[in-house]
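Breakdown of the fold
In case you want the letters, here they are:
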Amino acid sequence: LPDREIGGLIEDVAIQGRDTKSNISGERQEPEATIALISLPLYVLFFSAGAGPVPWLLYNEVFPTRIRAKAVSLCTATNYFSNAIVGSAFLPGVTFLGLGGTYAGYALLNLLGYVFVKELVFETKGMKLEDIEETMLEKWAKNKNAST
């Protein structure tokens, strides 16, 4: 949807209360457009209040002081690169998979991320940076010994 149509849809829903199935030019809208218009800001709100800041906090804690600046720079670049991929893949995803299929794909990626965090990321609350490094080295050694 072009920006003026999104603005018109917001105006219809929020201010004038007109039929939400028509836009500013009187064309009929798909219900998915209204759902996306409502759910996307809600997603951003809940993500920002929940899991959004976690990576920024976590990778400042898990790297040893001697490599922290370079490691955080690499993590930040990876984060922005990943966001660019997700953003640029959305419209092609909608074209090939439909809106529901695209969101299902993103939900699957979130599920994989959840499993990754549940299995590999440990709680760092109240730990000193040196203790975090020691715990990570212990877990790495344990996993290395288990795989050999």
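Presented here is an overview of the structure given in this document. (Residues numbered from 1 in each chain as written. Predicted model: local features only at pLDDT ≥ 70, side-chain atom pairs only at ≥ 80, totals over all residues. Heavy atoms only, no water.)

**Points about a negative patch on the surface**
How we decide: Within this analysis, patches are made of residues with over 30% relative accessible area and no salt bridge. Like charges are joined at 9 Å or less; nonpolar side chains (Val, Leu, Ile, Met, Phe, Trp, Tyr) at 5 Å or less. We get accessible surface area from the Shrake-Rupley algorithm with a probe of 1.4 Å; when it comes to residues, only the shown protein chains can shield them. Salt bridges are defined by distance alone: a side-chain nitrogen of Lys or Arg within 4 Å of a carboxyl oxygen of Asp or Glu. Note on charges: Lys and Arg go in the positive column, Asp and Glu in the negative column, and His and the chain ends are not counted at all. Here the site of a charge means NZ on Lys, CZ on Arg, CG on Asp, or CD on Glu. Helix and strand definitions here come from DSSP, where helices need a minimum of 4 consecutive H or I residues and strands a minimum of 2 consecutive E residues; each element is numbered from the N-terminal end. With a 1.4 Å probe rolled over the protein chains alone, any residue whose accessible area is under 20% of its type maximum counts as buried; one over 50% counts as exposed, and the rest are partly exposed.
A cluster of acidic residues, Glu 130, Asp 131, Glu 134 and Glu 138, forms a negative patch at the surface. Relative to the helices and strands, Glu 130 is located in helix 5 (residues 129–147). With relative accessibility at 55%, the residue Glu 130 sits in the exposed group.

**Observations regarding the side chain of Asn 79**
Put simply, the rule reads: Here a residue-residue contact requires only that any non-hydrogen atoms of the pair lie within 4.5 Å.
Here Asn 79 lies in helix 4 (residues 68–120). The contact partners of Asn 79, leaving out residues within four places of it in the chain, are Trp 56 and Tyr 59.

**A look at the layout of surface pockets**
Convention followed: Only protein atoms enter the 1 Å grid used here, on which a cavity is any set of points holding a 1.4 Å probe that cannot leave and a pocket is any open set flanked by protein within 12 Å on both sides along at least five of seven lines; residues with an atom within 4 Å of a point are listed as lining. Grid points are joined across faces, edges and corners, and a volume is the space filled by probe spheres set on the points. Note that Gly is not counted as nonpolar here; it falls among the polar residues with everything else outside the nonpolar set of Ala, Val, Leu, Ile, Met, Phe, Trp, Tyr, Cys and Pro and the charged set of Asp, Glu, Lys and Arg.
If you add up the space inside the largest pocket, you get close to 2,500 Å³. Surrounding the largest pocket, 50 residues form its lining, Tyr 43, Phe 47, Asn 83, Val 86 and Asn 110 being those nearest its centre. At the level of secondary structure, the elements contributing two or more residues to the lining of the largest pocket comprise helix 1 (3–16), helix 2 (31–49), helix 3 (54–61), helix 4 and helix 5. The greatest single-element share of the lining of the largest pocket, amounting to 21 residues, is contributed by helix 4. In terms of residue class, the lining of the largest pocket is made up of 35 nonpolar, eleven polar and four charged. The volume enclosed by the second largest pocket comes to roughly 190 Å³. Val 54, Leu 57, Leu 58, Glu 61, Val 117, Val 121, Phe 122, Glu 123 and Thr 124 are the residues that line the second largest pocket. At four residues, helix 3 tops the list of elements feeding residues into the lining of the second largest pocket.

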